[in-house]
Amino acid sequence: MTGHIIWSRGLLRLLDQRLLPDRIEYVECRTPQEAAAAIRNMVVRGAPAIGVTAAYGVALAAFCAEGGSAGSRLAAVLSAGEELKRARPTAVNLAWAVERMVARAREAVDGGAGALADLLSGEAEAIHAEDIASCRAIGANGLPLMPEGGRVLTHCNAGALATGGYGTALGLVRAAREAGRIKMVYADETRPYLQGARLTAWELVEDEIPVTVLCDDMAASLMAKGRVDVVVVGADRIAANGDTANKIGTYGVAVLARHHRIPFLVAAPSSTFDLSIPSGKGIPIEERTPDEVAVIAGRRMVPRGAAVIHPAFDVTPASLITAIVTERGVISEVTDANVARVVGRSSR
């Protein structure tokens, strides 16, 4: 698949996911403000990919501040970090990556200007490489959970485009396909931004994995007809008890899967867990502009004067999740204790 996050010392190039599948164009970011705008405006999306982009955004701040004093360089990095963290509130990987980069900058503040920029460049590249390795480990760890000849339903896009590369949910799909375990994928179109129809389907077509796109409200009918064997989704933030925030509509798919006795799997790296939040009730849910719902392809579909609600995410309770697959192992009974055992000790 075409590289979607490309770094060259002081220049970040991002595949503009808003234009897929029709056009392949890149947005260039030379400042942390441009990186934050790319995150905010959905040039790049998906929790791990946002984290990787934010890491490079912090590195850009160091390059922009070259030539200044040690104090001014650190101040520029800290300011950029705060702006990047505000770009989107739900995906915890963003804050995690920024905080890791800022901690590295504090350690190196006594170095030369070039040294700080190069150091943060290397740290961002390490975060990027670790994310790709993490996704591949998720695929390997979750492989035993994927049914032989299975038909997979997924919601939104948790593929290479949503990560540093390879994917979380689609990492599971790719690993299962390579092992000859799955037959095909159903991709919910994922209104209102159509990440499933535009992005997941594009990735799978590129990889020659059979995919069928369906409207979000068709999933129940397919399940009732016995045409779905497993559901696999990604995550943007997971609380200490395993409650999981993901793209709006995921909760409904989980309810349907439970009713039809279909395994519901969440694939996510350990960096997506926020153990400071006891349950999903504490996860901040981003509200996006009503026009993303009301306007389609430039045409208004909702009459002016009608209210529109647009939460970008919902929370699936841990009780509806069959297993959470991470790079550190599988949480097969989703409880506080098992989350802590696999991904770390809860801070509660």
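What you see is a predicted model; the values in this text were computed from it and never measured.

Caption draft 1: Here's a closer look at the sheet that holds strand β6 (residues 211–214). If you trace the 7 strands from one edge of the open sheet to the other, you get β6-β5-β4-β7-β10-β15-β16, paired in mixed fashion. Single-partner strands in this sheet number two, and they are β6 and β16 (329–331). Taken over all neighbouring pairs, the strand axes of this sheet differ in orientation by 25° on average, direction set aside. Bridge count between strand β15 (residues 323–326) and β16: 3 bridges; the pairing is antiparallel. By the bridge assignment, Val325 is partnered in β16 with Val330. Sitting on the sheet, helix α9 (residues 250–259) touches β4 (150–154), β5 (182–188), β7 (230–233) and β10 (264–267), and the angle it makes with β10 is about 145°. Contacts between helix α11 (residues 336–343) and the sheet are confined to β15 and β16, with β16 contributing the most and set at about 170° to the helix.

Caption draft 2: Spotlight on the pairing of β15. Of the two faces of β15, the one holding Ala323 and Val325 and the one holding Ile324 and Thr326 are both buried throughout. Summarising the sheet, β10 and β15 pair through 3 bridges and their orientation is parallel. Bridging from a neighbouring strand, Val266 pairs with Ile324 of β15. From the end of β15 to the start of β16, which pair antiparallel, there are 2 residues.

Caption draft 3: View of the packing of aromatic side chains. Counting across every chain of the model gives 2 aromatic pairs. With 4.8 Å between their ring centres and 20° between their planes, Trp7 and Tyr56 make a pair best called stacked. Of this pair, Trp7 sits in strand β1 (residues 5–8) while Tyr56 sits in helix α2 (residues 47–64); the two residues are 49 residues apart in sequence, bridging distant segments of the chain. Exposure remark for Trp7: the relative accessible area of 13% places this residue in the buried category. Seen from their ring centres, Trp7 and Phe63 are 5.9 Å apart, and the 55° between their planes marks the pair as tilted. Of the two residues, Trp7 is situated in strand β1 and Phe63 in helix α2; the sequence distance between them amounts to 56 residues.

Procedures and definitions
- Residues numbered from 1 in each chain as written.
- Predicted model: local features only at pLDDT ≥ 70, side-chain atom pairs only at ≥ 80, totals over all residues.
- Heavy atoms only, no water.
- Pairing = 2+ DSSP bridges.
- Helix = DSSP H or I, 4+ residues; strand = E, 2+ residues; numbered from the N terminus.
- Axes fitted to C-alpha atoms, helices over the stretch in contact; angles between N-to-C directions.
- Contact = heavy atoms within 4.5 Å.
- Buried < 20%, exposed > 50% of the residue type's maximum accessible area, 1.4 Å probe, protein only.
- Phe/Tyr/Trp six-rings, centres within 6.5 Å; stacked < 30°, edge-to-face > 60°.

Interpretation note: all reported values are geometric properties and have no functional meaning in isolation.
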